[in-house]
Amino acid sequence: MPGERLAVRDASEVGRFPGVAPPTRVELTIHKEGEKKEEEGGCRRWLRKAFPCCCQRQNSASLDVTDRVELVAPPTPPLLPEPPKSTPENGELKEMEEMKLSVCSVDLLSSKTGQNRAEHHTDMYHGDELIVRRGQSFQIEVEFNRPFDTDTDKLHLDMRTGPLPTVSKGTHATVLLVDSPEDKRWAAKIVEQSGNKVKLSVNSPASAVCGLYGLTVTCGATTGEATTTHSCSRNIVVLFNPWCEEDTVFLDDEEERKEYVLNDTGRIYYGTEKQIGARTWNFGQFHEGVLEACLFILEKSNIPPSGRGDPVNVVRVISAMINAQDDLGVLVGNWSGDYSDGVSPTAWSSSVEILRKYHSSDGFPVSYGQCWVFSGVTTTVLRCLGIPARSVTNFQSAHDTDVSLTTDIYLDENMDPIDYLNSDSVWNFHVWNDCWMARPDLPPGHGGWQAVDSTPQETSQGTFRCGPASISAIRSGQVFLKYDTPFVFAEVNSDKIYWQRNLDGTFSQIYSEKKAVGHYISTKAMGSDERADITHLYKHQEGKQTAQIREDSGDEDVRYGSKPNTYSSPVAEDVSVEVKIDDEGARMGADAQLSILVKNLSSHPRRTTLHSQVAVMYYTGVVKGTIKKEQISVELQPNEEKTIEWVLPYQQYQNQLVDQAALMLTLSGRVNETQQVLANQTTFRLRTPDLTIKPLGEAVVGKEMAAKITFTNPLPRMLVGVVFRVEGLGLQKGHEVVVGDVGAHSTVTLTEHFIPTQPGPRKLVASLDCKQLTQVHGVADIVVLEK
């Protein structure tokens with residue numbers, strides 16, 4: 001079209017982070033063949049003869065072209081002859097222009113192998129952006145049009161973050177040039193000068209807002225003449241700094257920093273307290289695209305940029321944003337068993353694909369997640385932002401729905417569970433996170449590890465989130481301290497209270513179980529793949545001091561709940577019932593066998609009838625349905641103990657199981673002679689086989705190698721629609737392999753070929769997904785050599 005104008009964006013805006021400088025615009029005018037040329041008037045002809053370089057004809061008769069593209073300068077007033085006046089000679093004018101200081105370029109010295117990234121422990125992040133940690137100096141290099149003179153020249157930097165940067169909010173920092181920078185403020189000093197180049201050391205405060213900053217350099221003369229400003233085409237990412245003593249996330253042990261900040265793989269525990277399973281998880285906080293996704297999550301959360309300097313605030317926001325329950329966050333929770341329109345939670349083994357998928361879709365939630373997936377992604381985001389974090393599993397984890405700080409179990413007149421009333425539940429396991437920080441918002445002594453949970457269970461201040469709750473406060477029973485301390489306290493400390501329905505419809509408390517929840521609280525050990533038991537951090541050790549501890553900090557806490565008068569007078573207890581699981585327990589496809597141990601601790605005979613009921617359950621404690629009931633008569637002589645073998649045939653559960661293959665055996669009864677109530681709930685799972693992964697060939701950067709993945713179907717029936725998911729950080733990107741149907745007891749072998757890209761110890765992780773069998777996974781440790 002005639003007069004068509006095109007806008008071309010500056011190349012500086014193309015890259016991982018958009019530039020803060022306004023785009024350069026180039027206007028193009030296109031004339032089509034056959035258009036009528038504008039007639040040239042007399043004044044125009046005179047101007048063209050007087051000033052030929054300024055008034056060239058737009059179409060020359062000597063050029064015969066179909067289309068002609070010319071750059072058109074912005075309109076300027078007509079040039080008219082002026083009376084002669086005194087002006088500097090050409091040489092003097094040029095000298096004056098050269099004397100005026102201006103910035104030619106800014107080098108952020110952001111190479112992964114450079115000093116900045118190494119000193120700030122950010123050299124593992126993908127790409128060559130300048131990624132620094134607050135409270136620590138970094139260097140940049142500025143090139144001027146002439147040598148910088150400290151006596152006559154001046155300069156300052158402006159660091160801006162957020163849509164409306166302001167000095168009062170901490171989102172606009174004016175960085176002045178000083179001789180001796182102070183640790184608690186933005187400042188810069190010259191550390192090296194060579195020719196027209198000056199190297200600056202820039203210091204940021206340990207309380208600086210974290211996020212994406214734009215940088216501009218302003219320079220001029222000390223005499224107050226006009227200044228010039230140069231906008232850097234690349235941005236700077238500022239993270240939290242666990243290496244800085246003044247930062248509230250400071251962690252003073254280097255080995256802990258390596259584990260809880262720099263380690264990009266880990267272990268997440270699942271199963272039951274008697275059958276603890278472990279799976280490798282790729283956190284991948286340094287992987288390509290993950291940092292951008294984490295910054296995107298902060299932006300999408302609508303947390304004001306001024307609030308991104310407080311880790312308490314940031315962690316609370318991340319807890320809400322990892323789930324999609326009420327704010328279109330990262331992951332959709334699904335415990336239904338139907339994942340046909342997404343990915344089964346048990347199929348994930350990495351946070352990378354989840355975060356990149358969320359970012360690339362501009363914030364469309366990813367399907368699906370359950371607690372260990374929420375926790376794995378939370379660990380990734382917090383470590384990526386510089387906040388020390390770890391995934392933590394609590395076995396027999398209570399879910400208190402009525403803030404009573406107890407877990408209530410209701411039975412009918414025949415001692416059978418009343419499912420519709422049992423809204424409180426005890427999860428076989430629940431995975432959340434610990435993160436490390438000081439807590440200046442709490443009384444002294446409550447800093448250190450804080451519990452934060454991104455799984456949407458209950459709302460906190462109207463939003464599905466939980467924490468950060470001080471573990472010190474949880475352990476000492478100070479449930480009145482923020483945030484969400486009562487909920488986490490109940491998860492690890494609440495007692496099971498059994499209620500029986502009376503004939504008139506009322507309920508009476510018949511039994512209390514004080515050691516029923518909060519067992520084997522586990523996380524990956526520092527520096528190894530072993531399991532570390534951290535129960536002692538969350539609760540006092542059970543034992544001879546239990547009574548005193550409960551008097552000091554246990555039962556007292558129930559007064560803060562909604563049922564302060566729960567505890568009744570204790571009853572005599574001289575008969576006990578316990579369920580034991582041999583070795584690793586029953587395997588999927590075989591009969592499940594348990595042992596019920598009943599003891600008479602008195603010097604008198606005892607008789608009871610145990611009501612046994614086994615139900616299929618989700619790992620969250622929600623019962624799907626009962627599959628077997630029976631009554632067991634037990635007669636005990638004085639001081640006698642009996643072992644009763646209990647069996648659940650494969651045929652009775654084969655078509656009933658749900659995710660995690662979890663079952664719950666409930667035993668209840670009364671001792672005839674004393675009316676003592678016997679109650680016990682035991683959860684167990686049917687173990688699934690592991691994938692076997694065997695590396696083939698030498699592992700060298702840039703050299704192709706292979707790995708053989710083997711799986712044997714343990715069931716006497718066909719598996720339909722089997723899919724493998726394989727990923728290895730520094731080895732190969734995550735991808736799916738569709739296997740199809742696998743016959744009964746058949747073996748599948750898959751050979752993966754890949755080229756390692758990073759040296760050092762690496763892990764190749766694989767998982768299997770199909771409707772009939774879940775929680776099947778495997779890992780291989782591979783040490784990759786330099787090329």
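Scope of this entry: the structure provided in the associated data block. Given the structure is predicted, the values throughout are model-derived calculations rather than measurements.

Another aspect to go through is the nonpolar core. For soluble globular proteins, the rule of thumb is that nonpolar side chains tend to be buried together. If you look at the biggest cluster of nonpolar residues, it comprises 63 residues, and the most contacted ones within it are Trp372, Val381 and Ile387. Residues from two domains meet in this core; each of domain 1 (96-239) and domain 2 (254-398 + 428-481 + 521-545) gives at least three. Apart from the residues within four sequence positions on either side, Val381 is in contact with Cys294, Ile297, Ile318, Ile322 and Leu355.

Counting across every chain of the model gives 19 aromatic pairs. Pairing Tyr260 with Trp449 gives two aromatic rings, centres 5.1 Å apart and planes at 85°, and the pair type is edge-to-face. Here the residue Tyr260 occupies a position in helix H4 (residues 254-262), and Trp449 occupies one in strand S20 (residues 448-453), the gap between them amounting to 189 residues. For Tyr260, a relative accessible area of 6% corresponds to the buried category. A centroid spacing of 5.3 Å and a plane angle of 80° characterise the contact between Tyr410 and Phe507, whose relative ring orientation is edge-to-face. In this pair, Tyr410 is assigned in strand S18 (residues 406-411) and Phe507 in strand S25 (residues 507-513), connecting sequence segments 97 residues apart. With a relative accessible area of 27%, Phe507 lands in the partly exposed category.

Going through the model one piece at a time under the given rule, you end up with 24 salt bridges. For Glu413, the salt bridge identified is with Arg501, shortest N-O distance 3.2 Å. Pair noted here: Glu413 is in the loop between S18 and strand S19 (425-437) and Arg501 is in strand S24 (residues 495-501), with a separation of 88 residues, a long-range link. Among the residues examined, Arg501 registers a relative accessible area of 24% and is labelled partly exposed. Among the salt bridges present, the one from Asp533 reaches Arg531, with a minimum N-O distance of 3.8 Å.

Running from amino to carboxyl end, helix H5 (residues 290-300) crosses helix H8 (residues 371-385) at an angle of 95°, the nearest separation of the two axes being 10 Å. Classified by the angle their axes make, H5 and H8 are roughly perpendicular. For the pair H5 and H8, contact is made by Val290, Leu291, Cys294, Leu295, Ile297 and Leu298 and by Thr380, Val381, Cys384 and Leu385, respectively. For the contact of H5 with H8, the residue count by class is nine nonpolar, one polar and no charged.

Let's shift gears to the pairing of strand S26 (residues 519-524). In terms of burial, S26 is largely enclosed, as five of its six residues are buried. Taken together, the two bridges between strand S17 (residues 389-399) and S26 define a ladder with antiparallel strand orientation. Note that in S26 the partner of Phe395 across the bridge is His519. Inspection of the sheet shows S26 paired to strand S27 (residues 531-533) by three bridges, in the antiparallel sense. Bridge pairing links Lys524 to Arg531 in S27. The antiparallel hairpin formed by S26 and S27 contains six residues in its connecting segment, where Gly527 sits at a positive phi of about 80°.

Inspection of the secondary structure puts Gln775 in strand S41 (residues 773-784). Look at Gln775 and you get buried, because its relative accessible area is 4%. Here Gln775 is in contact with Tyr270, Arg279, Thr346, Trp372, Gln660 and Thr688, once residues within four sequence places are set aside.

Attention shifts here to the sheet that holds strand S38 (residues 732-742). Read from one edge to the other, the open sheet built from four strands follows the order S38-S37-S40-S41, with strand pairing classed as antiparallel. Since the sheet does not close on itself, it has two edges, and those belong to S38 and S41, each with one partner. When strand polarity is set aside, the average angle formed by the axes of neighbouring strands in this sheet is 15°. Two strands pair when backbone bridges link them, and strand S37 (residues 719-728) and strand S40 (residues 760-770) are joined in this way by five bridges, in the antiparallel orientation.

Definitions and limits used
Residues numbered from 1 in each chain as written. Predicted model: local features only at pLDDT ≥ 70, side-chain atom pairs only at ≥ 80, totals over all residues. Heavy atoms only, no water. Core = buried A, V, L, I, M, F, W, Y, C linked by side-chain atoms within 4.5 Å. Buried < 20%, exposed > 50% of the residue type's maximum accessible area, 1.4 Å probe, protein only. Domains from an automatic or database assignment. Contact = heavy atoms within 4.5 Å. Phe/Tyr/Trp six-rings, centres within 6.5 Å; stacked < 30°, edge-to-face > 60°. Helix = DSSP H or I, 4+ residues; strand = E, 2+ residues; numbered from the N terminus. Salt bridge = Lys/Arg side-chain N within 4 Å of Asp/Glu carboxyl O. Axes fitted to C-alpha atoms, helices over the stretch in contact; angles between N-to-C directions. Parallel < 35°, antiparallel > 145°, perpendicular 65-115°, else oblique. Nonpolar A, V, L, I, M, F, W, Y, C, P; charged D, E, K, R; others polar. Pairing = 2+ DSSP bridges.

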